[in-house]
Amino acid sequence: TDPALVEFGRELVALKACIGCHVVDGSGGNVGPQLDGVIAAKGARFFRQKLVSPTFDNAASLRPNLGLTEEEIDALVAYLAAVGAGQTTNNGGRQ
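On a predicted model such as this, the values are computed, not experimentally measured, just so you know.

### Some remarks on the side chain of Ser61
Here Ser61 shows up in the loop between α3 (44–52) and α4 (70–84). Its relative accessible area of 19% is what places Ser61 among the buried residues. Of the polar contacts made by the side chain of Ser61, one reaches the backbone nitrogen of Arg63; its length is 3.3 Å. Non-local contacts of Ser61, meaning those with residues more than four positions away in its chain, are made with Lys50, Pro54 and Thr55.

Following this line, the structure appears as structure tokens:
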């Protein structure tokens, strides 16, 4: 995985306030599901679809559509895959 893409994903988690609702890399909110293992558990395809169409699998989902670009989605997938593989620390730095 491209380290720059992973870093961009880490930055997006902060910019888009993902941790307001989700635990990411060990910290965050509890409104939505924990995202640390989402890529391993649900797959990148599911996660991408959830970002594009938040209610595709749950009409009652509170997740907003953030209007992310393909590049942003790629970065979030890369970052969350790295988090799930233990390749980051809880402050966002790579080990």
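Still more to cover.
### What to know about the nonpolar core
The nonpolar side chains of a soluble globular protein tend to be buried, and buried together. Counting residues in hydrophobic clusters, the biggest one holds 20 residues, and the most contacted among them are Phe47, Leu76, Tyr79 and Leu80. Every element with two or more residues in this core is listed here: α1 (3–15), α2 (38–42), α3 and α4. Leave out the neighbours within four places in its chain, and Leu80 touches Val24, Leu35, Asp36, Val38, Ile39 and Phe47.

What counts, and at which threshold
- Residues numbered from 1 in each chain as written.
- Predicted model: local features only at pLDDT ≥ 70, side-chain atom pairs only at ≥ 80, totals over all residues.
- Heavy atoms only, no water.
- Helix = DSSP H or I, 4+ residues; strand = E, 2+ residues; numbered from the N terminus.
- Buried < 20%, exposed > 50% of the residue type's maximum accessible area, 1.4 Å probe, protein only.
- Polar contact = N/O pair within 3.5 Å; in protein donor to acceptor, adjacent residues only side chain to side chain.
- Contact = heavy atoms within 4.5 Å.
- Core = buried A, V, L, I, M, F, W, Y, C linked by side-chain atoms within 4.5 Å.

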